[in-house]
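Remarks on the overall topology
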Amino acid sequence: MPRGQKSKLRAREKRRQAREGPERLVPAQTTAPEEEESPSSPSPHFKDAPQSSPATGTPGSPKVPGGVCSTSTTAAAASNTKFNEDASNQVEEKQNTSKAGDTTEQCRRGPIEEKVALLVYYLLYKYQVKEPITKADMLRNVIQTYKNHFHEILRKASEHLELVFGLDVKEMDPNRNTYVLINKLERSCDARVNDNGAVPKTGLLMTVLGVIFTKGNRATEEEVWKVLNMMGLYDGKKNFIYGDPKKLITKDWVKEKYLEYRQVPNSDPPHYEFLWGPRAYAETSKMKVLEFVAKSHDTVPTAFPGCYEEALRDEEERARARVLAKAGTAAMASARTKAIASSFSCHK
């Protein structure tokens, strides 16, 4: 090749490298220390988990890890919403701090946050396919060389799972270090929520129930959408976790009796409001929902005194109802025993 042509090629290559930025000039053989291993490289066991499109939400959806930062920001944004006017000044001060901005910043901090995102994905996958979860598996498949940060990573992943998906991480056997994910709603076998292996939507439902409760047990459609908008959910815009939020809250959850959606009496033009449905009363309680709301505000239920007193009354009423139900069951069993005994005595 002529010398002049070689010089032109070298000059062109230098211009290309300059355009692509200084990171391209780092020698390829430069490697990070073992402790700083690429945080986004799970073990082959985790890598081979089934993949699917985010639209279907089937087990192993690769969208989950990438969405952890955005969904945690979503939860943080929701916590900035003023659910109740009688919240303490402490809560109001925390609301004025941009937790969503803080969370976004945390997402950029490096390998620990990457491991948190991967662990959320891994635990969701285990929950969807109903496989056991052990500390050994988490260390081998996700945590890897960051085992000294295991408790920090698990704690942060647990917070994401609770606030975004409504799942609690519980240690079942401390000796064997086995864990289980429990849905906050007390349904049997989590039917309906995971029929198709979909990502749980309980976190969003608890948020909507929280808005309704803290607004006097009924919330206008505008009040609910104000919170959903702060979470990045909009009418007519599909979300990769929740699908069509309008359909979810006004049709799906209404059909499943978690919510009631009705026109406000005497409203002209017509306005609509949300109330708790009978299934919400059966599968959760005002205290549990208030605890969820308080946690999203990084505070305690007593920071909402009016709602806390109402939740306590609800707990007392539920306790009395359980006692009466148990007494009724015992009375029926006793009557049945007497009837059987009487039948036998008649045949003597």
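Scroll up for the structure.
What you are looking at is a predicted structure, and each value in this text was computed from that prediction instead of being measured. (Residues numbered from 1 in each chain as written. Predicted model: local features only at pLDDT ≥ 70, side-chain atom pairs only at ≥ 80, totals over all residues. Heavy atoms only, no water.)

Take the overall build of the protein chain next. A tally of helices and strands in the protein chain yields 14 helices and 6 strands. With 348 residues in all, the protein chain has 41% of them scored as buried. Of the contacts formed within the protein chain by residues at least 6 apart in sequence, a portion of 61% connects residues at least 24 apart. (Helix = DSSP H or I, 4+ residues; strand = E, 2+ residues; numbered from the N terminus. Buried < 20%, exposed > 50% of the residue type's maximum accessible area, 1.4 Å probe, protein only. Contact = heavy atoms within 4.5 Å.)

This part covers the packing of aromatic side chains. Within this structure, the stated rule accounts for 3 aromatic pairs. Geometrically, the ring pair formed by Tyr 261 and Phe 274 is tilted, given 4.9 Å between the ring centres and 35 degrees between the ring planes. Residue Tyr 261 is found in strand E5 (residues 259-263), and its partner Phe 274 is found in strand E6 (residues 272-276); the two are separated by 13 residues along the sequence. Residue classification places Phe 274 among the buried residues on the basis of a relative accessible area of 0%. These aromatic residues form a ring-pair network of at least three members: Tyr 261, Tyr 272 and Phe 274. Across the ring face of Tyr 127, the terminal group of Lys 130 is positioned such that the distance to the ring centre comes to 5.9 Å. (Phe/Tyr/Trp six-rings, centres within 6.5 Å; stacked < 30°, edge-to-face > 60°. Lys NZ or Arg CZ within 6 Å of the ring centre and 35° of its normal.)

To continue, consider unusual backbone geometry. Each neighbour pair has its own omega, and for Asp 268 with Pro 269 the value is 5 degrees, a cis peptide bond. Despite not being glycine, Lys 130 shows a phi value in the positive range, around 55 degrees. Mapped onto the elements of the fold, Lys 130 is located in the loop between helix H6 (111-129) and strand E1 (133-134). Exposure remark for Lys 130: the relative accessible area of 61% places this residue in the exposed category. The phi dihedral of Gln 144 is positive, around 55 degrees, even though this residue is not glycine. The residue Gln 144 is located in the loop between helix H7 (135-143) and helix H8 (150-165) in this model.

A word on the nonpolar core. One finds Leu 119, Leu 123, Met 138, Phe 165, Leu 228, Trp 253 and Leu 259 to be the most contacted residues of the largest nonpolar core, which totals 61 residues. Element by element, the count of residues in this core is highest for H6, at 9 residues. Taken domain by domain, this core gets at least three of its residues from each of domain 1 (111-183) and domain 2 (201-303). Not counting chain neighbours up to four residues away, the residues in contact with Met 138 comprise Leu 119, Tyr 122, Leu 123, Ile 133, Ile 143, Phe 150, Leu 154 and Tyr 179. (Core = buried A, V, L, I, M, F, W, Y, C linked by side-chain atoms within 4.5 Å. Domains from an automatic or database assignment.)

A separate point is the packing of H8 against helix H9 (residues 202-214). Look at H8 against H9: their axes get within 5 Å of each other, and the N-to-C directions meet at 60 degrees. Considering their axes alone, H8 and H9 lie oblique with respect to each other. For the pair formed by H8 and H9, the contact residues are Leu 163, Val 164 and Phe 165 on the first element and Thr 202, Gly 203 and Leu 204 on the second. Of the residues that constitute the contact of H8 with H9, the class distribution is 4 nonpolar, 2 polar and no charged. (Axes fitted to C-alpha atoms, helices over the stretch in contact; angles between N-to-C directions. Parallel < 35°, antiparallel > 145°, perpendicular 65-115°, else oblique. Nonpolar A, V, L, I, M, F, W, Y, C, P; charged D, E, K, R; others polar.)

With 16 residues, H8 ought to run about 22 Å at 1.5 Å a step, and its terminal C-alpha atoms sit 21 Å apart, in line with that. Taken together, the buried positions of H8 are occupied by Phe 150, Ile 153, Leu 154, Lys 156, Ala 157, Ser 158, His 160, Leu 161, Glu 162, Val 164 and Phe 165. One or two positions beyond H8, positive phi appears at Gly 166, with a value near 70 degrees. (Expected span 1.5 Å × (residues − 1).)

Without other data, these values stay purely geometric and don't point to any function.
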